[in-house]
Amino acid sequence: MILSIFSGFAISLGFAIFFNAPKRALLPIILMGVVAAVVKTQMMAYGFSLEVSTFAASFCIGLLCLYFSAKQHIPILVYAISSSIVLVPTINAYKAIIGLIQISTHQIMSQELIIQSLHYSLKTWLVFGAIAIGIVLPTQFIGKYRFRLL
Amino acid sequence: MNKEKCIIDLLAEIGKLLLQHGAETDVVEKGIQNAARNAGYTNIETLILPNTILISLSSDGELFQTRLQRAERQGVNFQVLDRVEAIIRTIDETTDLDQLRLKLQDENQLAAGYPNYLRNIMAATGCAAFSLLFGGDPYIFMATFIASFSGFYVNSFLLKHYFNPFVVIVAVSFVTTMISGLMTIENDFSHIAIASSILFLVPSVAFINSVNDLIKRHYTNGLIRGMRGIIVSFAIAIGMSIALNILGVENFL
């Protein structure tokens, strides 16, 4: 828990400055990054799958983005990009690439390797889709009512 | 006539700045339309492609002014988006449009962000903290930090000399994988170090913009941005696979 809070803080602050985010947007970005990291790790600990927990975390980011974007007059993208880096499935992508390299260089007869690498690459694309759709959905459906809600 | 030329030049400049620094199509379109409405012109049509803007402005319903503007470079700088949006909100019918356009063309003042060494350190810290999230120990943390620090340095050095961005990505992912692989070659967690030190190259802006555009019915732009993201991912994979083949794939499973 403390580890995920710390790493969410460091990752979102680091990438916010990497993308040159404005100074007044830094605090909201850190808040979103910490919330996303905690939601994802806690849901994974309770036994949900990687895709579902990533989708829930990015949905939280999308909701918070709407609030802060209406309040500070900064486009949603600025918050969404820097804080959703926390959710990128790097290990899966790495394993997929390693599998592809192994298939292409030698070990052509191993079917297990091919299926494993296909599994990891499919999982990577699904998680990427979950991140993007989770961020975009709140702006489409709840955006109409935001002045009533907030 | 003269005033219309001024306003259409200003609108093209605004659109180019927004498009060059990573805004999605909807933001660019709304920005141009808001600026035109604030200056007192309601009859405006825009066509936005990933690197071109076409603006057509009609006055009295008869005279049409059309302008085509290209946006050459593509980078991500969110402070420019913030400043341009703030400028759009200040426009009204009495604003001196020529002076405003000169202010927008002054790129050094507009695109001033954080100093480069701070961006370098913070990007490396972000990548290193990512390795903690996947269960790395302090040694992995330091190795990731050093690898992504030097990778980012090479990245900004090559981009300053205007190489092709995809060639730059292949070179940077090669350098980063070599450094992190050499530092953790005997370690059990070497895959965590390699996977998280490459993270600052991931095309997250392209992917999220692509889904955004597709959902908001800008199909062409969404497809092209998604394709760009896929090409960048393959460029990263090419650099990584060259480095891993040199170091030996069996050490990094």
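For the structure, see preceding data.
Residues numbered from 1 in each chain as written. Chains lettered and ligands numbered in written order. Predicted model: local features only at pLDDT ≥ 70, side-chain atom pairs only at ≥ 80, totals over all residues. Heavy atoms only, no water.

1. Quick look at helix 1 (residues 2-20) of chain B
Residues and elements named next belong to chain B.
Thinking step 1. The first and last C-alpha atoms of helix 1 sit 27 Å apart over 19 residues, in line with the 27 Å expected at 1.5 Å per residue.
Thinking step 2. The buried fraction of helix 1 is high, at 16 of 19 residues.
Thinking step 3. G22, located one to two residues past helix 1, shows a positive phi value of around 95°. (Helix = DSSP H or I, 4+ residues; strand = E, 2+ residues; numbered from the N terminus. Expected span 1.5 Å × (residues − 1). Buried < 20%, exposed > 50% of the residue type's maximum accessible area, 1.4 Å probe, protein only.)

2. Comments concerning helix 7 (residues 138-160) of chain B
Thinking step 1. Spanning 23 residues, helix 7 of chain B covers 33 Å between terminal C-alpha atoms, matching the ideal 33 Å at 1.5 Å per step.
Thinking step 2. Among the residues of helix 7 of chain B, I140(B), A143(B), T144(B), A147(B), S148(B), G151(B), F152(B), N155(B) and L158(B) are the ones counted as buried.
Thinking step 3. Buried residues along helix 7 of chain B sit against helix 1 (2-18) of chain A together with helix 6 (116-133), helix 8 (165-183) and helix 9 (190-197) of chain B.
Thinking step 4. Y162(B) lies just past helix 7 of chain B and shows a positive phi near 60°. (Contact = heavy atoms within 4.5 Å.)

3. Description of the layout of surface pockets
Residues and elements named next belong to chain B.
Thinking step 1. There is about 1900 Å³ of room inside the largest pocket.
Thinking step 2. Together, 48 residues line the largest pocket, and R73, Q74, G75, V76 and L159 are the ones closest to its centre.
Thinking step 3. Contributions of two or more residues to the lining of the largest pocket are made by helix 1, helix 5 (107-110), helix 6, helix 7, helix 8, helix 10 (204-215) and helix 11 (219-247).
Thinking step 4. If you tally residues by element for the lining of the largest pocket, the top one is helix 7, at 5 residues. (1 Å grid on protein atoms, 1.4 Å probe; cavity = no way out; pocket = protein on both sides within 12 Å on 5 of 7 lines; lining within 4 Å. Points joined across faces, edges and corners; volume = space filled by probe spheres on them.)

4. Overview of the state of the cysteines
Thinking step 1. In this structure the tally under the stated criterion is 0 disulfides over all chains.
Thinking step 2. Here C60(A) is not cross-linked by a disulfide; its sulfur's nearest cysteine counterpart is in C65(A), at 11 Å. (Disulfide = S-S within 2.5 Å.)

5. Comments concerning the nonpolar core
Thinking step 1. Within the largest apolar cluster, 112 residues are counted, with the highest numbers of intra-cluster contacts made by F15(A), I14(B) and V84(B).
Thinking step 2. When residues in this core are grouped by element, the largest group, 10 residues, is from helix 1 of chain B.
Thinking step 3. Two domains each provide a minimum of three residues to this core, namely domain 1 (2-110) and domain 2 (116-252) of chain B. (Core = buried A, V, L, I, M, F, W, Y, C linked by side-chain atoms within 4.5 Å. Domains from an automatic or database assignment.)

6. Re the packing of aromatic side chains
Thinking step 1. The tally for this structure, following the rule as stated, stands at 13 aromatic pairs over all chains.
Thinking step 2. Ring centres 6.1 Å apart and planes at 40° place the aromatic pair W125(A) and F128(A) in the tilted group. Of this pair, W125(A) and F128(A) both sit in helix 6 (residues 111-141), 3 residues apart, which is roughly one turn of that helix.
Thinking step 3. When its relative accessible area of 43% is taken as the criterion, W125(A) is described as partly exposed.
Thinking step 4. Grouping aromatic residues by their ring pairs yields a cluster made of F15(A), F18(A), F19(A), F78(B), F152(B) and F200(B). (Phe/Tyr/Trp six-rings, centres within 6.5 Å; stacked < 30°, edge-to-face > 60°.)

7. Considering the interface of chain B and chain A
You'll often see interface size given as the accessible area lost when the parts meet.
Thinking step 1. Facing the 51 residues of chain B at the interface are 46 residues of chain A.
Thinking step 2. The junction of chain B with chain A conceals about 4600 Å² of combined surface from both sides, 77% of it contributed by carbon and sulfur atoms.
Thinking step 3. It is F78(B), Y114(B) and I208(B) in chain B that bury the most area against chain A; as a group they hold 16% of the surface buried on that side.
Thinking step 4. At the boundary of chain B with chain A, the tally comes to 1 salt bridge.
Thinking step 5. On inspection of chain B and its partner chain A, the count reaches 8 residue pairs in polar contact (both at pLDDT 80 or more). (Buried area = accessible area lost by both parts, 1.4 Å probe. Salt bridge = Lys/Arg side-chain N within 4 Å of Asp/Glu carboxyl O. Polar contact = N/O pair within 3.5 Å; in protein donor to acceptor, adjacent residues only side chain to side chain.)

8. Notes on the packing of helix 1 of chain A against helix 6 of chain B
Thinking step 1. At their nearest, the axes of helix 1 of chain A and helix 6 of chain B sit 7 Å apart, and the two run at 150° to each other. Taken together, helix 1 of chain A and helix 6 of chain B sit at an angle that is classed as roughly antiparallel. By crossing handedness, the relation of helix 1 of chain A to helix 6 of chain B is classed as left-handed. Taken together, the residues of helix 6 of chain B that come into contact with helix 1 of chain A (itself represented by L3(A), S4(A), F6(A), S7(A), A10(A), I11(A), L13(A), G14(A), F15(A), I17(A) and F18(A)) are L118(B), R119(B), M122(B), A123(B), G126(B), C127(B), A129(B), F130(B), L132(B) and L133(B).
Thinking step 2. Looking at the contact of helix 1 of chain A with helix 6 of chain B residue by residue, the class counts come to 16 nonpolar, 4 polar and 1 charged. (Axes fitted to C-alpha atoms, helices over the stretch in contact; angles between N-to-C directions. Parallel < 35°, antiparallel > 145°, perpendicular 65-115°, else oblique. Left-handed = near helix turned anticlockwise from the far one by under 90°. Nonpolar A, V, L, I, M, F, W, Y, C, P; charged D, E, K, R; others polar.)

9. Remarks on the environment of K40(A)
Residue and element names in this part refer to chain A.
Thinking step 1. With respect to the helices, strands and loops of the structure, K40 is situated in helix 2 (residues 26-45).
Thinking step 2. The spatial distance from the C-alpha of K40 to the C-alpha of S4 is 9.3 Å, given a sequence separation of 36 residues.
Thinking step 3. Those residues within four positions of K40 in sequence are excluded, and the remaining contacts are L50, S53, T54, A57 and L87.

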